[in-house]
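So you can see what is in the structure, the chains are spelled out below.
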Amino acid sequence: MNRLVRNLLSLILVGLLGCTQSGPSVKSSGDKEFDQTAEYALHTINILKRRSHLDTPTKIVDYMFSTAGSAELTPPNEATEPGMASAYKGPRPANGIWLQSSDKDANEFFKRHLMLTPVDERKVIIADAYREDDEEPFFTWEWSLN
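What counts, and at which threshold
Residues numbered from 1 in each chain as written. Predicted model: local features only at pLDDT ≥ 70, side-chain atom pairs only at ≥ 80, totals over all residues. Heavy atoms only, no water. Patch = residues over 30% accessible without salt bridge, like charges linked within 9 Å, V, L, I, M, F, W, Y side chains within 5 Å. Areas by Shrake-Rupley, 256 points an atom, 1.4 Å probe, with all protein chains shown as cover. Salt bridge = Lys/Arg side-chain N within 4 Å of Asp/Glu carboxyl O. Lys, Arg positive; Asp, Glu negative; His and termini not counted. Charge placed at Lys NZ, Arg CZ, Asp CG, Glu CD. Helix = DSSP H or I, 4+ residues; strand = E, 2+ residues; numbered from the N terminus. Buried < 20%, exposed > 50% of the residue type's maximum accessible area, 1.4 Å probe, protein only. Pairing = 2+ DSSP bridges. Axes fitted to C-alpha atoms, helices over the stretch in contact; angles between N-to-C directions. Contact = heavy atoms within 4.5 Å. Polar contact = N/O pair within 3.5 Å; in protein donor to acceptor, adjacent residues only side chain to side chain.

Chemist: So what's going on with a negative patch on the surface? Which residues, and what values?
Modeler: A cluster of acidic side chains, namely Glu 132, Asp 133, Asp 134, Glu 135 and Glu 136, defines a negative patch on the protein surface. In this structure, Glu 135 sits in the loop between strand S3 (124–130) and strand S4 (139–144). By relative accessible area, Glu 135 is classed as exposed at 71%.

Chemist: Which residues make up the pattern of salt bridges, and what are the values?
Modeler: Scanning the entire structure with this criterion turns up 6 salt bridges. Taking the shortest distance from any N to any O, the salt bridge between Arg 112 and Asp 31 comes out at 3.2 Å. In this pair, Arg 112 sits in strand S2 (residues 112–119) while Asp 31 sits in the loop between helix H1 (3–19) and helix H2 (32–48), placing the two residues 81 residues apart along the sequence. Note on Arg 112: relative accessible area 19%, which makes it buried. Here the salt bridges share partners, and the residues they tie into one network are Asp 31, Glu 33 and Arg 112.

Chemist: Report on the sheet that holds S3, specifying residues and quantitative values.
Modeler: The 4 strands are arranged S1-S2-S3-S4 in an open sheet whose pairing can be described as mixed. In the strand order of this sheet, the two ends are held by strand S1 (97–101) and S4, each with one partner. On average, adjacent strands in this sheet sit at an angle of 20° to one another, irrespective of strand direction. The pairing of S3 with S4 spans 6 bridges and is antiparallel. If you follow Ile 126 over to S4, its bridge partner there is Glu 142. Against the sheet, H2 engages S1, S2, S3 and S4, with an angle of about 30° to S2. Each of S1, S2 and S3 touches helix H3 (residues 57–64); the most contacted strand, S2, lies at about 145° to it.

Chemist: So what about the environment of Thr 56? Which residues, and what values?
Modeler: With respect to the element layout, Thr 56 can be found in the loop between H2 and H3. Spatially, the C-alpha atom of Thr 56 lies 9.8 Å from that of Arg 122, the residues being 66 residues apart in sequence. Not counting residues up to four positions away in its chain, the partners in contact with Thr 56 are Asp 120 and Leu 145. Here Lys 59 takes part through its backbone nitrogen, which lies 3.1 Å from a polar atom of the side chain of Thr 56.

Here is the structure:
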């Protein structure tokens, strides 16, 4: 695929992702960066739950953190993709918060984590916000897939 076609496809994807944003939709934790990252996570979940093959919370979370999901869903980087980054209008995770699946160990490079836990029996995804060295989350969101 030539570079022009790749760039056009990327811009179309960025446009589609940007068009699905609809303002704040998470309850505030009192921490602006965690709220920003939670907005991004919920935005991504809302995109994925419309796909028929991602019909459980586990499948959604697994896809989000897979190689393919990360490549598709991660907003363009302003430092390495300035043109695409300026075109992107969707939410972005905060730079200081690491977003990940709770089935993995916390990334030691980051001090603050938003951990996503799928609960298939209840059709929800739980997002726990952890500050540096805390054993328990300081805030929890729960998002229904119904």
